[in-house]
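# What the coordinates show
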Amino acid sequence: MAAPVGLPPPVGDRAAGGEGPPATQLRPGLRREAYLDEGVFRHELVSVFARSWCCAARSAHLAAPGSQLVAAVAGESVLVVRQADGGLRAFRNLCRHRGARLCLEPSPQPARVIRCPYHAWTYGLDGRLLAAPNARELPPLETLDRGLLDVEVEEWAGYAWVRLEAGTTSLAEEIEPQLLDRFGDPATFDRYGIERLAVGHEITYDVAANWKSIVENFMECYHCAPLHPELTAAIPEFRSGYGSVSGGVGRGARLGPDVEAFSASHRASRPRLRTLNDTDDRLFYGVILLPNVLAVLVPDHVAFFRIEPLGPGRSKVRVEWLFEPEAVADPAFDPSEAVSLLDTTNLQDFSACERCQLGAASTAFDPVLVPAEHVMETFHGWVATRCSPGPAPGPY
Ligand code: FES
Ligand SMILES: [Fe+2]
């Protein structure tokens, strides 16, 4: 087993599930370079994103052999292809002739081959170069070593997870410690059965903030009372400043006593997910799977966030709302109440992240963390470890 990548609570922070007396100090946040500097950002793309298993795209709907999707990972384009044996392969989305991008978007129909539109070099679904038209002078193609460049891929929870730079840890070895840190067991997350759920709605947010701000914001609930009146109306305990991530290991937050469901109206529109049990009722879990996934688990749906870092001050966040397939297939399916509450919350969160990004532009930027935010230090330490040795001066 490789080094765990989970997020232990900081020692001395009892409120976050750690040992020892409650922390009371203000502690320093990250330096402004961590949010602004192009060199730091490039270093993170390579050291954090290219070397980690990143969630690339929902793969559960890629059923037929030859189905493809295109994903951006660590600033690179990756092509994920369903194979005839049901497995997935992933490749750099790059023609091995003159380097044209092979696919600009997923092909609507499953394909039998991958053909570059420029000079029609043609590859099998397994990446082998099959044809290079009008190049009869060439030796046999299989001797050329110009097949597509493989990228590691694993399928889990209905998503394709890819790692650009081959490593020694499996996806499970990276994910399981994080689930254990969050839930105390892997079974709670598994009960939501994310792999079999269907996408009922999706929104892509263009956020003018660094990717780390988005993770930091998701980790703490100190902002919940002032920023999220709708969220705290549904989950009153969030007014305490501790959320379901910062509240401690295994901790789910409870819906308010008169709140039937995590929805804008507080009314339930559908039964709970059928693989859940009574202990999951009325609970809200926030989950972070570094480096690029956030998830919200509630009794009747899951919201799955994928963060794509675009620059030091810009990120894309795609959120998919997942429901029981039968619910989505129902002609009367209407996810708007469920979507609306989280969408409102997301817009409030991302706008706060953007404010911090604007603040980081000031030479006087000097953030501090109150005890309810000390949990963020575990994330900062994780990034610093992945980035070590990092660019000087160290931003973490
Ligand atoms: S660049 Fe793809 S076939 Fe020429
Ligand atoms: Fe928030």
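## Notes on the pairing of strand E13 (residues 283-289)
Among the seven residues of E13, seven are classified as buried, and the element is accordingly described as predominantly covered. Burial along E13 is two-sided: the residues Leu283, Tyr285, Val287 and Leu289 and Phe284, Gly286 and Ile288 are all buried. For strand E12 (residues 253-254) and E13, the ladder comprises two bridges, and the chain directions are antiparallel. For Ala253, the partnering residue across the bridge sits in E13 and is Phe284. Pairing of E13 with strand E14 (residues 293-298), which is carried by five bridges, proceeds in the antiparallel orientation. When the bridges of E14 are listed, Tyr285 appears paired with Leu297. Counting the residues between successive antiparallel strands, the hairpin from E13 to E14 contains three residues.

## Observations regarding the packing of aromatic side chains
Applying the stated criterion across every chain yields a total of 13 aromatic pairs. Ring centres 5.0 Å apart and planes at 65° place the aromatic pair Phe183 and Tyr285 in the edge-to-face group. Taken together, the residues span a long stretch of sequence, with Phe183 in helix H3 (residues 171-183) and Tyr285 in strand E13 at a distance of 102 residues. For Phe183, a relative accessible area of 6% gives the class buried. Owing to a relative accessible area of 7%, Tyr285 belongs among the buried residues under this scheme. One aromatic cluster is present, built from ring pairs that chain together Trp156, Trp161, Phe183, Phe189 and Tyr285. When the ring centre of Phe183 is taken as origin, the NZ or CZ atom of Arg182, which lies over that ring, is 5.4 Å away.

## A word on the packing of helix H5 (residues 211-219) against helix H9 (residues 336-360)
Packing of H5 against H9 brings their axes to within 10 Å, and their N-to-C directions diverge by 125°. One way to sum up the angle between H5 and H9 is to call them oblique. Judged by the twist between their axes, the crossing of H5 over H9 is right-handed. Contact with H5, carried on its side by Ser213, Ile214 and Asn217, involves Asp349, Phe350 and Cys353 of H9 and no other residues of that element. Split into classes, the residues belonging to the contact of H5 with H9 amount to three nonpolar, two polar and one charged.

## Describing the coordination of the iron ion (ligand 2)
Taken together, His223 (NE2), His228 (NE2), Asp349 (OD) and Asp349 (OD) make up the protein donors of the iron ion (ligand 2), found 2.0 to 2.7 Å from the metal. With four donor atoms in place around the iron ion (ligand 2) and angles of 54 to 144° between them, the coordination shape is irregular. We note that the donor set of the iron ion (ligand 2) lies within a single chain, spaced as H-x4-H-x120-D. Of this pair, His228 sits in the loop between helix H6 (224-227) and helix H7 (229-234) while Asp349 sits in helix H9; the two residues are 121 residues apart in sequence, bridging distant segments of the chain. An identical accessibility class is assigned to His228 and Asp349; each is buried.

## Here's the deal with the nonpolar core
Buried together is how nonpolar side chains tend to be arranged in soluble globular proteins. With 69 residues, the main nonpolar core has Val162, Ile235, Phe262, Val317 and Trp321 as its most contacted residues. Considering each element in turn, this core owes the most residues, six residues, to H9. Two domains share this core, each providing at least three of its residues, namely domain 1 (14-50 + 172-387) and domain 2 (55-156). Discounting chain neighbours no more than four positions away, the residues touching Val162 are Ser52, Trp53, Cys54, Ala56, Val73, Val78, Val80, Ala90, Val151, Glu152 and Val153. Counting residues in each nonpolar core, the second largest holds 25 residues, with Tyr159, Leu171, Phe189 and Val302 among its members.

About the thresholds
Residues numbered from 1 in each chain as written. Chains lettered and ligands numbered in written order. Predicted model: local features only at pLDDT ≥ 70, side-chain atom pairs only at ≥ 80, totals over all residues. Heavy atoms only, no water. Buried < 20%, exposed > 50% of the residue type's maximum accessible area, 1.4 Å probe, protein only. Helix = DSSP H or I, 4+ residues; strand = E, 2+ residues; numbered from the N terminus. Pairing = 2+ DSSP bridges. Phe/Tyr/Trp six-rings, centres within 6.5 Å; stacked < 30°, edge-to-face > 60°. Lys NZ or Arg CZ within 6 Å of the ring centre and 35° of its normal. Axes fitted to C-alpha atoms, helices over the stretch in contact; angles between N-to-C directions. Parallel < 35°, antiparallel > 145°, perpendicular 65-115°, else oblique. Left-handed = near helix turned anticlockwise from the far one by under 90°. Contact = heavy atoms within 4.5 Å. Nonpolar A, V, L, I, M, F, W, Y, C, P; charged D, E, K, R; others polar. Donors = N, O, S within 2.8 Å, 3.2 Å for Na, K, Ca; no water. Tetrahedral: all angles 85-135°; square planar, octahedral: opposite > 155°, others 65-115°. Core = buried A, V, L, I, M, F, W, Y, C linked by side-chain atoms within 4.5 Å. Domains from an automatic or database assignment.

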